Structure formats: structure tokens, C-alpha cells
Amino acid sequence: MLEFEEALARVLAAVPAPTSESVSLNDAPGRVLAEPIRSPLDLPIFDNSSMDGYAVRAADVASATPAAPVRLRLAGKVAAGQVFPGEVTAGTCVRLFTGSPLPPGANAVVMQEDTRVDSNATSEVLILTQAQPSENIRSCGEDVKHGTPLAEAGEVVSVGRIGLLAAAGLARVQVGRQPVVGLLATGSELTEPGHPLGPGRIYESNRATLAALIGRAGAVPIVLPLVADVLAETSLALADAFSQSDAVVTSGGVSVGEMDFLKRAFEQIGGSLEFWKVAIKPGRPFVFGRLQGKLLFGLPGNPVSALVTFLLLVRPALLRWQGATDVSLPAHPGVLAEPLANLGERRHFIRVKVDATGKVRSTGIQASHVLSSVAAANGLVDVPADTTLAEGSAVTVLRWEY
Ligand code: AMP
Ligand code: MG
């Protein structure tokens, strides 16, 4: 039986080197950047106004007060997207709007609320307050300087970063190719949701969860038909799955019972088993195999075991496949609001909910068939064997839901 870290290292070592493709920025969120990106521009691109108001020379309005306004000649108007053809000379001002380029000669913007225009002298503006140089000006390069990094290779493109890349004028980025993942569920007891249940049958629930998780890891799931617990059928289904994908994720059939055909079927189609037991709970049976550069992840059938082994061992592989640097679940500090006990002899990834204040609680029964405690959870806490963590203990929550 392998320790978790050893199992993960072996999985990651088997992942093929990433290859890349160009995608439009709209398709980039969630993808992994294949190259660093440096800004081809200063941002803002030019000095511009942060207010609707008037471009002035600060020295001209140094004495302005509401009681003794300074009168300036209105030399023109610049809408956003236009450029003032001249210069702001002493005693003059130019009407600006938010985003209007600052005309040469001006060094401050007085906001409209601090000005007045007489209806019988519309070519003049009364300035009611003084202005500091640079006031209400968004200066060229204050956000990003030309040539500075906007993003690093290996980073997952976040929604927050997309706007920055677009503002710098990028239309496409080079990202890691997404592995295509065939998804099989084995078990003669399984019925597709939406169909009537026969006696002794249950609804299949793993593919829905796993397809969503595969997608969120940036990979492309292909959801394949259910597979009965029959060796020949399992072999055929595996061969078919590998023929159309880079990796295959299966659930069920990896325990030691005589109806567990996954390992035998995989060997029958020429696959080589790398390991099939990991010292974690839930999820001790976890099959990892290789077939001609493609990978098999055989997850246990119990829905919680399938979820947890996916998060801990498959998600990292799918991310690394795309070139991601950081492949672990986001780790957040938390404090236990109640004791968390692992009475077993394997480390237990206990499902928990961490609230907005960082308080962490178990979401209920931790047996590996119990889905209500998955539905209520947003993370896992790794509790060592034979350990009870006391209320108030600092813990690390591995987040998988937000
Ligand atoms: P197995 O790993 O095939 O021995 O299955 C372990 C337990 O998980 C059994 O109770 C199965 O009925 C259940 N199970 C297996 N696969 C699924 C699935 N895809 N959806 C829901 N339950 C499953
Ligand atoms: Mg089964």
C-alpha cells in the first residue's frame, strides 16, 4: 500500500509533457498559460481624467475658493476617445469626461462639481477650488508599466486576470492542451437517472460528479455508457474509452471481490498496472495504470471515495497535463469549531464546511457512501491516523467548492 505522497508523485511522473495551443481570450479562463506574458503597453496607455470636469494648470487655480472663484476661458471639449488638438495655456481650461486624454499643458482636473458656468458667459468656467498637480488624473503606466509581467507560464488564467490581458490588447494566448478524459462507471446495479429502478438497483451518481470535476480541472470529459460487472464487457468498454481519449477515469470494480473486473480487464487490453492501493480514507483501492502513453485512473465505486481520490490524485494529474505549476487543492487556514476525530489507522480526509469566519465543522456522517455530507461540504481536512484534533485547533482546509 502506497503513502498518498508517493502515489501522487508516481502519478505526476507519468503525466505526459504538456503541449500548447492558441485560444481566444474568451476561451482562456480556466486554461493554463503556456508562456509568460509581458505587457506590450503602459496601462493606463496615456494620462487621462478620472472625472467629468475641466483640465487646468494647477498654478492658475491656486487661489480659487467658492467665495472668490477663478475665471478660466473654455478652450474646447474632449470626449473619451478624442484628442485635444492644442495645448492648455495659462488662463484656459478644457472640458473633459471620465477617460478623456489629458491635453498637453494641463496638470490637474477640477471636477465638475467644483465649477460653475454662467449661462450668459458660456465660454468661461468659474473654478471654485484649488487643485493639486495630478489631481483627478490617472497617469500613464501607474497600473502596469510596459514590459512588466502580466501573467506567468503555468498559471491558470483567472477571471480576474482576463481583463488585464484584454486591456493590454491581447486577443489570443498560448495555453496547455486539454486532456480528453473518458469517463466510465462500472456496476451491474447501476441505472441511469431518469429511468425506472428495478429491484436491487440504484441510480448511478459518480459520472455526474466526476464529469463536473474533470471540466473544472480544465480537461474535457466524455461521459460513456454504464458497464456491467462482466469481464469481457469491461475490457471492451475500456478499449473503446481509450480509443477516444488521453486518459480514462473509471469508478467501481477495483476492490477485491470476484465481481471486480477492472484490473483484469485493463491488463487484458494491454495496460500495465502501476499500483492499486493508497493508504488514505476514503479511497484505499485506487488503480493507476498506463497504456501506450495514456493513463488509467480506476476510482473506487463508493461515491465519496470516488470524489476524494479524484480530488487528491486525478485533478493534479489533469492540471499538470496542461502545464499547471500548482496542482494541489487551494489550502485555507481554519479553526475547528468542534473536535475532529479519526479513529482509524489510515489518514482520513474528512469532509468539512469552513464558514466565512474560518470556523470549520464536520458535515456529518463520514462513511464513504454518504452523499449528504458531501453536498454540505466545501473542503477536506487531512486528519492523521488515530488522531483527534481538539476544538480550537488550527487546521488546513483543502477547498474544493466556493
Ligand atoms: P465497488 O467499488 O464497485 O465495489 O462499489 C462500491 C459501492 O459503491 C457499492 O455500494 C456500489 O453500489 C456503489 N457504487 C459503485 N459505483 C457507483 C456509481 N457510479 N454510482 C453510485 N454508486 C456506485
Ligand atoms: Mg461494483
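Basis of the calculations
Residues numbered from 1 in each chain as written. Chains lettered and ligands numbered in written order. Predicted model: local features only at pLDDT ≥ 70, side-chain atom pairs only at ≥ 80, totals over all residues. Heavy atoms only, no water. Near = heavy atom within 4 Å. Polar contact = N/O pair within 3.5 Å; in protein donor to acceptor, adjacent residues only side chain to side chain. Areas by Shrake-Rupley, 256 points an atom, 1.4 Å probe, with all protein chains shown as cover. Nonpolar A, V, L, I, M, F, W, Y, C, P; charged D, E, K, R; others polar. Core = buried A, V, L, I, M, F, W, Y, C linked by side-chain atoms within 4.5 Å. Buried < 20%, exposed > 50% of the residue type's maximum accessible area, 1.4 Å probe, protein only. Helix = DSSP H or I, 4+ residues; strand = E, 2+ residues; numbered from the N terminus. Contact = heavy atoms within 4.5 Å. Phe/Tyr/Trp six-rings, centres within 6.5 Å; stacked < 30°, edge-to-face > 60°. Pairing = 2+ DSSP bridges. Axes fitted to C-alpha atoms, helices over the stretch in contact; angles between N-to-C directions. Parallel < 35°, antiparallel > 145°, perpendicular 65-115°, else oblique. Left-handed = near helix turned anticlockwise from the far one by under 90°.

S.K.: Describe the site of ligand 1, with residues and values.
M.R.: Near ligand 1, the surroundings consist of 16 residues, among which Glu 189, Glu 204, Ser 205, Gly 253 and Gly 301 are the closest. Within the side chain of Asn 206, a nitrogen or oxygen atom sits 3.2 Å from a nitrogen atom of ligand 1. Take Gly 253: an N or O atom from its main chain is 3.0 Å from an oxygen atom of ligand 1. Notes on ligand 1: free accessible area 480 Å², of which the protein chains cover 77%. Looking at side-chain class alone, the shell around ligand 1 contains five nonpolar, nine polar and two charged residues.

S.K.: Give a detailed account of the nonpolar core, specifying residues and quantitative values.
M.R.: Counting residues in hydrophobic clusters, the biggest one holds 49 residues, and the most contacted among them are Phe 286, Phe 297, Leu 299, Leu 312 and Leu 318. Those elements giving two or more residues to this core turn out to be α1 (4–14), β13 (180–185), α3 (206–216), β17 (247–251), β20 (285–291), β21 (294–299) and α6 (303–321). When residues in this core are grouped by element, the largest group, 13 residues, is from α6. Setting aside its immediate chain neighbours within four residues, Leu 312 contacts Phe 4, Leu 8, Ile 280, Leu 329, Phe 349 and Leu 398.

S.K.: Residues and numbers for the packing of aromatic side chains, please.
M.R.: Taken as a whole and assessed by the stated rule, the structure comprises five aromatic pairs. For the pair Phe 4 and Phe 349, a centre-to-centre distance of 5.9 Å together with 70 degrees between the ring planes defines the contact as edge-to-face. A residue pair is termed long-range when its members are at least 10 positions apart, and Phe 4 in helix α1 and Phe 349 in strand β24 (residues 347–354) qualify at 345 residues. Taking relative accessible area as the criterion, Phe 349 reaches 1% and is therefore assigned buried. The rings of Phe 275, Phe 286, Phe 288 and Phe 297 are connected pair by pair, giving a single aromatic cluster.

S.K.: Give me the pairing of β24: which residues, what numbers.
M.R.: With seven of eight residues buried, β24 is to be regarded as a mostly interior element. Sheet topology places strand β19 (residues 280–281) next to β24; two bridges connect them, and they run parallel. If you follow Ile 280 over to β24, its bridge partner there is Arg 347. One ladder, built from three bridges, connects β24 with strand β25 (residues 359–362); its direction is antiparallel. Residue pairing in the sheet places Lys 353 in a bridge with Arg 361 of β25. Count of turn residues in the β24/β25 antiparallel hairpin: four residues, of which Gly 358 carries a positive phi of about 90 degrees.

S.K.: Give a description of the packing of α3 against α6 that names residues and reports values.
M.R.: Running from N to C, α3 and α6 cross one another at 20 degrees; their axes reach a closest spacing of 10 Å. With respect to their mutual orientation, α3 and α6 come out roughly parallel. Once α3 is placed against α6, the crossing between them reads as right-handed. Residues Asn 206, Thr 209, Leu 210, Leu 213 and Ile 214 of α3 form the contact with α6, whose participating residues are Pro 303, Ala 306, Leu 307, Phe 310, Leu 311 and Leu 318.

S.K.: How would you sum up the pairing of β25? Please name residues and give values.
M.R.: Taken together, the two bridges between strand β22 (residues 331–336) and β25 define a ladder with parallel strand orientation. Each bridged residue has a counterpart across the sheet, and for Leu 336 the counterpart in β25 is Val 360.

S.K.: Summarise the environment of Gly 198; cite the residues concerned and give the values.
M.R.: With respect to the secondary-structure elements, Gly 198 resides in the loop between β14 (190–191) and β15 (202–203). In the structure, Gly 198 is positioned 93 residues away from Leu 291 in sequence and 36 Å away in space, judged by C-alpha atoms.

S.K.: Give me the lowdown on the sheet that holds β13, citing residues and values where you can.
M.R.: Strand pairs in the sheet, formed through backbone hydrogen bonds, run parallel or antiparallel to each other. Taken together, the six strands give an open sheet; going across it, the order is β16-β13-β17-β21-β20-β18, and neighbouring strands pair in mixed fashion. Because the sheet does not close on itself, it has two edges, and the strands there are β16 (220–223) and β18 (272–277). Neighbour-to-neighbour, the strand axes of the sheet open up by a mean angle of 20 degrees, direction not taken into account. The strands touched by α6 within the sheet are β13, β17, β20 and β21, with β21 carrying the most contacts at an inclination of about 165 degrees.

Interpretation note: all reported values are geometric properties and have no functional meaning in isolation.
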